[in-house]
Amino acid sequence: MIEKWPIGVVTLVAEGIVEYTAKHSDLETRISNGRVQAIKGIGDFIFASVSTDSILILRVFKSRLAGLGEDERESAYVQSDKVVFSAEPIGELGKNGFISGAGHFPLVGDNIFAADDVVVERIFSSIGDHLISLGTVNNYDNVHPDLNLGKILTSHIAILGNTGSGKSTTLRALLQKIGEVQSELNPLVSFFVFDVHGDYEGLSFAQGIDVTQTHLPLNKLELDDWAAALMPSERTQKPLLSRSLSIARVLPDHSQIVYALLTKDALENTNQDSLSGLKRLVTKWIKKVFPEDSAVNQDLDQWVLNFGNEEGKQKLVKRVSDFLNDYPYKDVNEIINSVSSDVNFTLNELEEAFEVVFGEEEVKGNNRVRGNTETFMARFRNFKSRYGNSDGILNENHGEELTLKVGDSPRKTKIYILNLVGLDDDALRLVSTYLARQVFEFNKRKFRNKTEKDSMPFDYLYLDEAHRYVRNSADDSSTIFETIAREGRKFSVYLGVVSQIPNELSKVVMSQTGAFLIHRIQNALDLDFIKRNVPAATSGMVDRLPSLPSGTALLSGSAFDIPFEINVLAGDLGEVSKSRNPIQRSK
């Protein structure tokens, strides 16, 4: 039996809003069910009877003095003993528990009642699965709401908030709570936290993986992995990158043949404006075919233009033809098709492959190809210089191969922290894209094999600083994160994005997110983004975000039957995120 505490009378019922008027005397603190109950206003839950066995639950989002119009300045003093509250309907609580959404509304003149701790506890006990709770309901310090962990773990999640608002602490608290109930989880469940700043280092319930002490196998990196790091333009530079990766795989064993074929194409070229331009192309590649043959230089010197007639070219043509006659390849594509796609290569060979591709384009008359790829190649050379050295993640001799897959056996722990500290944005995009693709494709193969489907893991990729690598595409291309956002549930792969700049996150990923934990947000662009992209978050809730204290978050989305504010109780887990104080006070 619900104890009713009448606090006002309905004065307005409209779509999505109920207003009620209360006397100051009705709002005084009282004792209910042995607990002190106080009206706090904004964020309070209230209810109205809508049938004999159900009540409509509402949440207060605005209050003003009676007699003070909506358009009047708040400084205008109006003497009144009444307060007008505006509230938004949340759902109905009846004999079958809480049901999100409002199908019935009170009438003007009906009583409004305060929802005390007992009512609020009843709401959350009917929607949670009694596994975890992260803290207390805001305005209700004695109510520890049960979350529905099953819904959270079958949703992509987003933890958003300005720096210092508590988002990292919230993720640590969530992981700790999950770790405490891991005996309730499938043995194949694993969480991987991409730790960019070291905020999750040293957690007693997690195992660390130091990515910087491993290497990425170049032969397993695909076009989209490289594209994530080098950011080529979709129409012009990405095809060149794709071609370069194909050629890099044939250079270890077929470089001279590739150079000879390129020389042959150059000698047959009719796109050059002058003999000198053509001769520069031929000279560059033929010397790579015959690096020790001094006679080649003599043949090149004898290739001249004499009174408009070319002389000496046939010697070069014959030399190259004789060389190619020993091999069965008519063009570079035949070599590419004959070589396995998993042949290993080095960064030096990839850089040389770029040169070959530029040479192919120049032979075709595209003399602007180098200028059009200048920024792209500068990014690659910087990447090679920084991560291709002896202790770089692209050096195959540096540490073990980086992988998140360990076969079919259950892992020793369920929570892993990937140390990505020190990686710049280019490397961060490469590593995260490669690992996400590796996990997704592994599970996809399991799913398609009927005999292995039951051993398909549940993988959770929780991405810190996600705005740095889970961004909107500048073109129509789709990233692996967007693919996982759309298809991951089918293959038991789920994303968690953690960011202080929501408006820079991929709209595709955000549109597929089912659980939002939103801390203080103050930027107007971010607030507008949340209003447009977070389901069930009303304007009143979003308008509250700029004033939320650190550690308080709005929980919304399909994983939460009721959107509400929670005060996260993280204990010592919040100490890691505290900023150092530069002020030293004397005793």
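Above: the structure in question.
Quick look at the structure, then. Just so we're clear, the structure is a prediction, and the values are computed from it rather than from any experiment.

**So, the overall build of the protein chain**
Within the protein chain one finds 18 helices and 23 strands. Computed over C-alpha atoms, the radius of gyration of the protein chain comes to 33 Å, more than 25% over the 25 Å expected from 2.2 N^0.38 for 587 residues, which places it beyond the range of a compact globule. Along the longest, intermediate and shortest principal axes, the C-alpha atoms of the protein chain span 110 × 65 × 55 Å. Considering the protein chain as a whole, with its 587 residues, one finds that 52% of them fall into the buried category. Taking the intrachain contacts of the protein chain between residues at least 6 apart in sequence as the baseline, contacts between residues at least 24 apart amount to 72%.

**Let's talk about helix 1 (residues 117-125)**
For helix 1, the full list of buried residues reads Asp117, Val119, Val120, Ile123 and Phe124. Each buried residue of helix 1 lies within a common arc of 165° when the element is viewed along its axis, so the set occupies one face.

**Points about the packing of aromatic side chains**
Applying the stated criterion to the full structure yields 19 aromatic pairs. Residues phenylalanine 191 and tyrosine 460 carry aromatic rings whose centres are separated by 4.6 Å and whose planes lie at 20° to one another, so their mutual orientation is stacked. Within this pair, whereas phenylalanine 191 is found in strand 12 (residues 189-195), its partner tyrosine 460 is found in strand 19 (residues 458-463), the two being separated by 269 residues in sequence. The same class applies to phenylalanine 191 as to tyrosine 460, namely buried. The structure contains a cluster of three or more aromatic residues connected by ring pairs, namely Phe191, Tyr460, Tyr462 and Tyr494. In this structure, lysine 4 is placed above the aromatic ring of phenylalanine 113, and the distance from its NZ or CZ to the ring centre is 5.2 Å. The ring of phenylalanine 290 carries the charged tip of arginine 319 above its face, separated from the ring centre by 5.6 Å.

**A word on the packing of helix 7 (residues 275-289) against helix 11 (residues 347-363)**
Interhelical geometry of helix 7 versus helix 11 gives an angle of 140° and a closest axis separation of 11 Å. Considering their axes alone, helix 7 and helix 11 lie oblique with respect to each other. The chirality of how helix 7 crosses helix 11 is left-handed. Within the contact between the two elements, helix 7 uses Leu281, Lys284, Trp285 and Lys288 and helix 11 uses Glu352, Glu355, Val356, Gly359, Glu362 and Val363. Split by residue class, the contact of helix 7 with helix 11 holds four nonpolar, one polar and five charged.

**So, the packing of helix 6 (residues 251-267) against helix 7**
Running from N to C, helix 6 and helix 7 cross one another at 155°; their axes reach a closest spacing of 8 Å. With respect to their mutual orientation, helix 6 and helix 7 come out roughly antiparallel. As helix 6 packs across helix 7, the resulting crossing turns out to be left-handed. Here helix 6 contributes Gln256, Tyr259, Ala260, Leu262, Thr263, Ala266 and Leu267 to the contact with helix 7, which in turn contributes Leu278, Leu281, Val282, Trp285, Ile286, Lys288 and Val289. Residue composition of the contact of helix 6 with helix 7, by class: 11 nonpolar, two polar and one charged.

**Digging into the nonpolar core**
General note: in soluble globular proteins, nonpolar side chains tend to be found buried as a group. By size, the foremost hydrophobic cluster in this structure holds 166 residues, and its most contacted members are Ile57, Phe191, Trp226, Leu394, Leu461 and Leu463. Trp5, Ile7, Tyr20 and Ala114 belong to the second-largest nonpolar core, a separate cluster that totals 18 residues.

**Remarks on the side chain of asparagine 567**
Looking at the element boundaries, asparagine 567 is found in strand 23 (residues 564-568). What makes asparagine 567 buried here is its relative accessible area of 16%. A polar contact of 2.7 Å, which involves the side chain of asparagine 567, links it to the side chain of threonine 552.

**What to know about the sheet that holds strand 19**
In space, the 10 strands of this open sheet follow the order 10-23-22-21-11-20-19-12-18-13, with mixed pairing throughout. The sheet is open, and its two edges are formed by strand 10 (135-137) and strand 13 (207-210), each paired on a single side. Looking at each pair of strands side by side, their axes are set apart by 25° on average, direction ignored. Here four bridges tie strand 11 (residues 156-160) to strand 20 (residues 493-499), and the two strands are oriented parallel to one another. Directly across from leucine 160, in strand 20, lies its bridge partner serine 499.

Cut-off values and rules
Residues numbered from 1 in each chain as written. Predicted model: local features only at pLDDT ≥ 70, side-chain atom pairs only at ≥ 80, totals over all residues. Heavy atoms only, no water. Helix = DSSP H or I, 4+ residues; strand = E, 2+ residues; numbered from the N terminus. Rg over C-alpha atoms; globule rule 2.2 N^0.38 Å. Buried < 20%, exposed > 50% of the residue type's maximum accessible area, 1.4 Å probe, protein only. Contact = heavy atoms within 4.5 Å. Arc of directions from axis to C-beta. Phe/Tyr/Trp six-rings, centres within 6.5 Å; stacked < 30°, edge-to-face > 60°. Lys NZ or Arg CZ within 6 Å of the ring centre and 35° of its normal. Axes fitted to C-alpha atoms, helices over the stretch in contact; angles between N-to-C directions. Parallel < 35°, antiparallel > 145°, perpendicular 65-115°, else oblique. Left-handed = near helix turned anticlockwise from the far one by under 90°. Nonpolar A, V, L, I, M, F, W, Y, C, P; charged D, E, K, R; others polar. Core = buried A, V, L, I, M, F, W, Y, C linked by side-chain atoms within 4.5 Å. Polar contact = N/O pair within 3.5 Å; in protein donor to acceptor, adjacent residues only side chain to side chain. Pairing = 2+ DSSP bridges.

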